[in-house]
Amino acid sequence: MATFLIKSLVSQTTVKHSPSDHTSSRIEIKSALIPMKRCRSGKIPVLAASIRSENDHSTEAQKKKNGNAINLQSSLLLDAEYDVASKDAHPRPLSSTHSSNSVSNGPRLRVAYQGVRGAYSESAAQKVYPNCEAVPCEQFDTAFETVERWLVDRAVLPIENSLGGSIHRNYDLLLRHRLHIVGEVKYAVRHCLLANHGVKVEDLKRVLSHPQALAQCENTLTKLGLVREAVDDTAGAAKHVALQKLEDTGAVASSAAASIYGLNILAEDIQDDSDNVTRFLILAREPIIPGTDRPFKTSIVFSLEEGPGVLFKALAVFALRQINLTKIESRPLRKQPLRASDDGNSGLPKYFDYLFYVDFEASMADENAQNACRHLKEFATFLRVLGSYPVHTSMM
Ligand SMILES: O=C(O)C(=O)C[C@]1(C(=O)O)C=C[C@@H](O)C=C1
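Residues numbered from 1 in each chain as written. Predicted model: local features only at pLDDT ≥ 70, side-chain atom pairs only at ≥ 80, totals over all residues. Heavy atoms only, no water.

Asks: I'd love a proper account of the site of the ligand, names of residues and values included.
Replies: In the vicinity of the ligand, 14 residues are found, and the nearest of them are Tyr120, Ser121, Gln216, Thr234 and Thr278. A distance of 2.4 Å separates an oxygen atom of the ligand from a polar side-chain atom of Thr234. Measuring from an oxygen atom of the ligand, one finds a side-chain N or O atom of Thr278 at 2.8 Å. Within the complex, 100% of the 360 Å² of free accessible area of the ligand lies under protein. Because more than half of its atoms lie within 2 Å of the grid, the ligand is assigned to the largest cavity. Those elements that provide at least two residues to the shell around the ligand are α4 (120-128), β8 (154-161), α7 (211-216) and β16 (277-284). Taken together, the residues of the shell around the ligand break down into six nonpolar, seven polar and one charged. (Near = heavy atom within 4 Å. Polar contact = N/O pair within 3.5 Å; in protein donor to acceptor, adjacent residues only side chain to side chain. Areas by Shrake-Rupley, 256 points an atom, 1.4 Å probe, with all protein chains shown as cover. 1 Å grid on protein atoms, 1.4 Å probe; cavity = no way out; pocket = protein on both sides within 12 Å on 5 of 7 lines; lining within 4 Å. Sits in = over half its atoms within 2 Å of the grid points. Helix = DSSP H or I, 4+ residues; strand = E, 2+ residues; numbered from the N terminus. Nonpolar A, V, L, I, M, F, W, Y, C, P; charged D, E, K, R; others polar.)

Structural data, given as C-alpha cells:
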C-alpha cells in the first residue's frame, strides 16, 4: 500500500495519507501541540484542505449533513485522527494515549461512544443528541477518559441489554471514574447478518461481532453452525469483514453498518427475541440538578459489612419508603475482594466482598429518597450516588 507522508516542519504536524485503500484512505493528524490560532489561519488547514479536495468529492452540503468531514472551523481539526473515505469521513476511534490538548468548545455537543461508525452506541448517542458530533472511542475506558479530559462533553455507553444482561465493564468503570449519570436512553437493537457481496449464508464458516451481540443472536448462530469470534464492537466487525474482503466470515451488526462499509444484508432481525433493547447511560463531568417535575431515577453504589440479613436491611430502606427498585447488580470489590475468615481455622479468606449497584425510581430532590440514602449510609461501609436523572420511557 502506497503511503505518502507529508510533514510540516512549521507545525510539526504529520499528515499520513494512504490513497490506495479506496474504501477508507486515511489522514492522520497528530498535532496537539499546535495552538488553535494556527488551525484557523495557518498552513495546516490549507494542507488538510488540499488533501481533502483530492479525496472527498462530496458537496459542502453533504459534508455539513454527515458532520464527520474535516471541518476547518472545528477546534478538533488539529487534535483528532480521521479516516477519510471517498464519500464520507470516518473519525478514527480515540485511544487512551490520545492527546488531551483540545477543548470541547463550538456549537455542537461532542458525544463519545465506544466503537466505530455504525455501532449501536453511535445511534444511541444520536437518538439523545440528534445534532451532536459523535466521537468514536476504541474502548469504554477511553470514552470515560475523553469526558474527564474535556475532549468531549458527554459519553453514551451501554449498561444493560434485555437479552444479554449487564455490561459489567461499565459498572466497574462507573466507580473507577468520577463522571455523573445525567440520563439514560433505551435503544431497540436489530441485528443483521452481513457479508461481502456475492457471499451466501452457506459460504460462511465464522461470524464476528461484539460479545453482547453474539449472545443476543445465540439461537440463530447456533442453527447456522457458525463459529463465533468476539471483537470490540459490531460495526468494527463489519468494517473488518469488508476491508479484508472475507468470503467465509460474516458479521453481526446494524443495517447502518452494512451501508457504511458496503456489505450485503443476508438476514435481518436475527436476535433471539424481537424485543431486544439496550439501555445506555449518558455520562457527564457535572451532575444535573434532580427535579420532581417528571419521573426521575437514581443510581447508587454501596458496600456492606458481612453478616446475616445485611443486604436485606439495605434494600429495606427503600421498601419501607415505597421506593421501587428497577435494577440491582453486584460486582466484586476489587480493591478488597476477599475478607479473612472469622473462624480462623483454615487461615484462608472466606468471604467475597461486593459492591451493590442499585437503581431506584425516585429523584434525589425527593425527601423520601434522601431519607432512604441517609438510612443506608448509617450501616453501609461505602455509598456513592452515581446520578439522579430523568427516566427514559418512550422507545421512540
Ligand atoms: O458494538 C456495538 O455496536 C455497540 O454499540 C456495543 C453494544 C454493547 O456493548 O452491548 C451495544 C448494543 C448492543 O447490545 C450490542 C453491542
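Asks: Talk me through the UniProt feature "domain: Prephenate dehydratase" (unreviewed entry) in the protein; I want residue IDs and the actual numbers.
Replies: The positions that UniProt labels "domain: Prephenate dehydratase" (unreviewed entry) are, in the present scheme, residues 110-285. Secondary structure content for residues 110-285 is 32% helix and 33% strand, while the C-alpha to C-alpha distance between its ends is 13 Å. (UniProt positions renumbered as here; feature names shortened; annotations may be inferred.)

Asks: I'd like a description of the pattern of salt bridges, backed by residues and values.
Replies: This model, assessed by the stated rule, comprises 15 salt bridges. Of the charged contacts in the structure, one is a salt bridge between Asp269 and Arg190, with a shortest N-O distance of 2.6 Å. Of the two residues, Asp269 is situated in the loop between β15 (264-267) and β16 and Arg190 in the loop between β10 (180-188) and β11 (192-195); the sequence distance between them amounts to 79 residues. The class for Asp269 is partly exposed, based on a relative accessible area of 35%. The class for Arg190 is exposed, based on a relative accessible area of 52%. Between Glu218 and Arg228 there is a salt bridge, and its shortest N-O distance comes to 3.2 Å. Here Arg228 lies in strand β13 (residues 227-230) and Glu218 lies in helix α8 (residues 218-224), a separation of ten residues in the sequence. When its relative accessible area of 29% is taken as the criterion, Arg228 is described as partly exposed. In this structure, a network of salt bridges that share partners links the residues Glu160, Glu184, Arg279, Lys297, Lys327, Glu329 and Asp359. (Salt bridge = Lys/Arg side-chain N within 4 Å of Asp/Glu carboxyl O. Buried < 20%, exposed > 50% of the residue type's maximum accessible area, 1.4 Å probe, protein only.)

Asks: Report on the environment of Ala195, specifying residues and quantitative values.
Replies: Following the sequence through the fold, Ala195 ends up in strand β11. Under the relative-accessibility criterion, Ala195 is labelled buried at 0%. C-alpha separation for the pair Ala195 and Lys245, spaced 50 residues apart in sequence, amounts to 9.1 Å. Every residue in contact with Ala195, bar those within four places of it in the chain, is listed here: Leu204, Leu263, Asn264 and Leu266. (Contact = heavy atoms within 4.5 Å.)

Asks: So, the packing of helix α11 (residues 310-319) against helix α12 (residues 367-379): which residues are in play, and what are the values?
Replies: Look at α11 against α12: their axes get within 8 Å of each other, and the N-to-C directions meet at 160 degrees. Viewed along their axes, α11 and α12 adopt a mutual orientation that is roughly antiparallel. Crossing hand, α11 versus α12: right-handed. For the pair α11 and α12, the contacting residues are Val310, Lys313, Ala314, Val317 and Phe318 in the first and Ala372, His375, Leu376 and Phe379 in the second. Of the residues belonging to the contact of α11 with α12, the class tally is seven nonpolar, one polar and one charged. (Axes fitted to C-alpha atoms, helices over the stretch in contact; angles between N-to-C directions. Parallel < 35°, antiparallel > 145°, perpendicular 65-115°, else oblique. Left-handed = near helix turned anticlockwise from the far one by under 90°.)

Asks: Could you give an account of the packing of aromatic side chains, naming the residues involved and the relevant values?
Replies: With the rule as written, the count across this model stands at four aromatic pairs. Centre to centre, the rings of Phe318 and Phe360 are 4.8 Å apart; their planes meet at 35 degrees, and the pair counts as tilted. Taken together, the residues Phe318 in helix α11 and Phe360 in strand β21 (residues 354-360) connect sequence positions 42 residues apart. Each of the two residues, Phe318 as well as Phe360, counts as buried. Ring centres of Tyr354 and Phe356 lie 6.3 Å apart, and the angle between their planes is 45 degrees; on these two criteria the pair is classed as tilted. What makes Tyr354 partly exposed here is its relative accessible area of 36%. Since its relative accessible area comes to 13%, Phe356 is described here as buried. Members of the aromatic cluster, joined through ring pairs, are Phe302, Tyr354 and Phe356. When the ring centre of Phe379 is taken as origin, the NZ or CZ atom of Lys313, which lies over that ring, is 4.5 Å away. (Phe/Tyr/Trp six-rings, centres within 6.5 Å; stacked < 30°, edge-to-face > 60°. Lys NZ or Arg CZ within 6 Å of the ring centre and 35° of its normal.)

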